[in-house]
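This is what each chain is made of:
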Amino acid sequence: MTKPGSEILRALPKIDELLRREEVRDAGAGLAADRLAEAVREAVADLRGEALAGRLTGAQLRARLARLPEDLRLRVAGLSRSTLRPVVNATGVLVHTNLGRAPLPEGAVERVVEAARGYVALEYDLALGERGSRGEHLARLGALLFPGCSLHAVNNNAAAVLLVLNTLAEGREVIISRGELVEIGGSFRIPDIMSRSGAILREVGTTNRTRLSDYQRSLSPATGMILRVHPSNYRIVGFTGSPSLEELAALGRGANVPVVVDQGSGSLLEMASVGISDEPTVGEILESGADLVLFSADKMLGGPQAGILVGRPELVGRCHDNPLSRALRLDKMTIAALEWTLQRYLAGRGAEDIPIQRMLREPVEAVGRRARRLVKELRKISGDRVTAEVVPSEAMAGGGAAPVTGIPSRAIALAVKGLTAAQLEERLRLAEPPVITRIAEGRVLADLRGVQPGEEKILVAAISAVARQTRPAGDGPVEESL
Ligand SMILES: *Cc1c(COP(=O)(O)O)cnc(C)c1O
């Protein structure tokens, strides 16, 4: 607009001068002095760059300078706020990996806070006054939940798979069906983790069918284990087949080769009553003869991020003693949360006290009642600017469990006058707190199965705020500034 004049550059204040100004120091209260100086320098450099490029008139430059303390305040506020923003999960996917998987039960949260705040007897035997075992807190509960078995927990299930492969099959062959060489969520691929563990992949059968005889023929003195992997995020349908776990287990026993099941989203509670009939519990998998079962603690179990190994004490012991276990070990906060979670299952209270299990099991009529209340509330507040109606929806367990089985649910189909579905979805996503919905058939759907108790208010507030900030088309500009 104007030629880069020395006049404009002269108008730029000195950094020191800016830093002495009270409103700049106030704006930078969340930053150490040297960091604030750096932020001020950056802001001025940005202005200088734009001025030199001729993109600012003198008046614009003065306006930007006047706004500098406010700009700094926003920059600094952005740096001090957590980017782990709490969100409302109205997607209908309960174990949503991108949204942090299982919300922790309140009791587990309290245990985490308590453990985090001070010293705890993490590896200290209080009775003897000497070093104790970090693993014992969870192992003693595992022995009660899975009689005759041992339990060991590491950072996540991917770590559990790595640890077991390395412990039981380094330099040896792992027999696995071609239909189970899966990729789970981008970075976890069975063949890759296998090669990193030092185990040798011995794939058998075909993508859709693998027979017991395929496994049998591949057994040799080089075999370290037979691995069965839950195909998690996909299903092969049609002409398919694989031996039962009982058959595989018998084969393994006969050949003295451990049979390991990576169950991914292992559940301790039956899933048939929520319409998911092909997911046996971890206990049932052990009863079918698996020597080891591996699963995530933050999927259907509903606890913190961790990976759990349960099974034959001798095998679990070897995994525990592997030096890799030290690199994959849990911290005190995770142990605290997982301990509480397992204790609820021991108390027979998993279905009631673990949010993921509660959400999964909430009768669809109850979800519908919550949806209808919400619609009524919206009508009261937003009048005819918002259209909302309760529609049938299918929620998903998520986390790889039952990828093709929908759980009957209810959603609110939403529209706001003056906004397209994509615009409405975005406004809700950018709300405070963000509300994550999905678009189906041109409508924004907010599925209520994953919306936590007390969050309905947030949903109503977010939707009515978006409606208030939007004027119907034809009424002047389509939107006011947000
Ligand atoms: C989810 C999953 C994993 C990875 O578990 P994380 O806890 O995410 O590390 C491994 N195997 C299967 C079958 C899974 O479903």
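A few points on the structure.

Basis of the calculations
- Residues numbered from 1 in each chain as written.
- Predicted model: local features only at pLDDT ≥ 70, side-chain atom pairs only at ≥ 80, totals over all residues.
- Heavy atoms only, no water.
- Helix = DSSP H or I, 4+ residues; strand = E, 2+ residues; numbered from the N terminus.
- Buried < 20%, exposed > 50% of the residue type's maximum accessible area, 1.4 Å probe, protein only.
- Areas by Shrake-Rupley, 256 points an atom, 1.4 Å probe, with all protein chains shown as cover.
- Lys, Arg positive; Asp, Glu negative; His and termini not counted.
- Charge placed at Lys NZ, Arg CZ, Asp CG, Glu CD.
- Pairing = 2+ DSSP bridges.
- Axes fitted to C-alpha atoms, helices over the stretch in contact; angles between N-to-C directions.
- Salt bridge = Lys/Arg side-chain N within 4 Å of Asp/Glu carboxyl O.
- Contact = heavy atoms within 4.5 Å.
- Core = buried A, V, L, I, M, F, W, Y, C linked by side-chain atoms within 4.5 Å.

Turning to the overall build of the protein chain, a few remarks are in order. Counting its regular elements, the protein chain contains 21 helices and 18 strands. C-alpha atoms of the protein chain, sized along the principal axes, occupy 90 × 55 × 50 Å. Counting the 482 residues in the protein chain, one finds 47% classified as buried. Total accessible area computed for the protein chain in this model is approximately 23700 Å², and 52% of it derives from carbon and sulfur atoms. Across the protein chain, the 62 positively charged side chains and the 59 negatively charged ones have centroids separated by 4 Å.

The next subject is the sheet that holds strand 14 (residues 386–398). By definition, the strands of a sheet pair up through backbone hydrogen bonds, in either a parallel or an antiparallel sense. Strand order in the open sheet made by the five strands is 2-14-15-18-17, with mixed pairing throughout. With partners counted over all chains shown, the strands left at the sheet margins are strand 2 (93–95) and strand 17 (438–440), one partner each. Taken over all neighbouring pairs, the strand axes of this sheet differ in orientation by 45° on average, direction set aside. Alignment of strand 15 (residues 407–416) against strand 18 (residues 443–447), held across four bridges, turns out to be antiparallel.

This paragraph deals with the pattern of salt bridges. Applying the stated criterion to the full structure yields 31 salt bridges. Here arginine 131 and glutamate 123 are joined by a salt bridge, their closest N and O atoms 3.2 Å apart. Judged by its relative accessible area of 67%, arginine 131 is exposed. Among the residues examined, glutamate 123 registers a relative accessible area of 22% and is labelled partly exposed. A network of salt bridges, in which partner residues are shared, links Glu123, Arg131, Arg134 and Arg329.

The seven strands lie next to each other as 5-13-12-11-10-6-9, forming an open sheet whose pairing is mixed. Since the sheet does not close on itself, it has two edges, and those belong to strand 5 (150–154) and strand 9 (200–204), each with one partner. Across the sheet, the axes of successive neighbouring strands diverge by a mean angle of 25°, strand direction being ignored. Bridge count between strand 11 (residues 259–264) and strand 12 (residues 292–296): four bridges; the pairing is parallel. Pairing of glycine 264 across the sheet is with phenylalanine 295, part of strand 12. Helix 14 (residues 313–321) contacts strand 5, strand 12 and strand 13 (307–311) of the sheet and is inclined by roughly 30° relative to strand 5.

The next thing to look at is the nonpolar core. Generally speaking, a soluble globular protein has its nonpolar side chains buried in company with each other. If you look at the biggest cluster of nonpolar residues, it comprises 39 residues, and the most contacted ones within it are Leu301 and Leu338. Among the elements that line this core, the one with the most residues is helix 16 (residues 332–346), at six residues. Once residues lying within four places of it in the same chain are set aside, the contact partners of leucine 301 are Gly266, Leu268, Phe295, Ser296, Ile308, Leu338, Thr341, Leu342, Tyr345 and Ile354.

Before going further, it helps to spend a moment on unusual backbone geometry. Between glutamate 432 and the following residue, proline 433, the backbone shows a cis peptide bond with an omega angle of -5°. One non-glycine residue, asparagine 256, lies in the positive phi region at around 60°. Take asparagine 256: it is sitting in the loop between helix 12 (245–255) and strand 11. Residue classification places asparagine 256 among the exposed residues on the basis of a relative accessible area of 70%. Its identity is not glycine, yet glutamate 441 carries a phi of approximately 50°, on the positive side. Take glutamate 441: it is sitting in the loop between strand 17 and strand 18.

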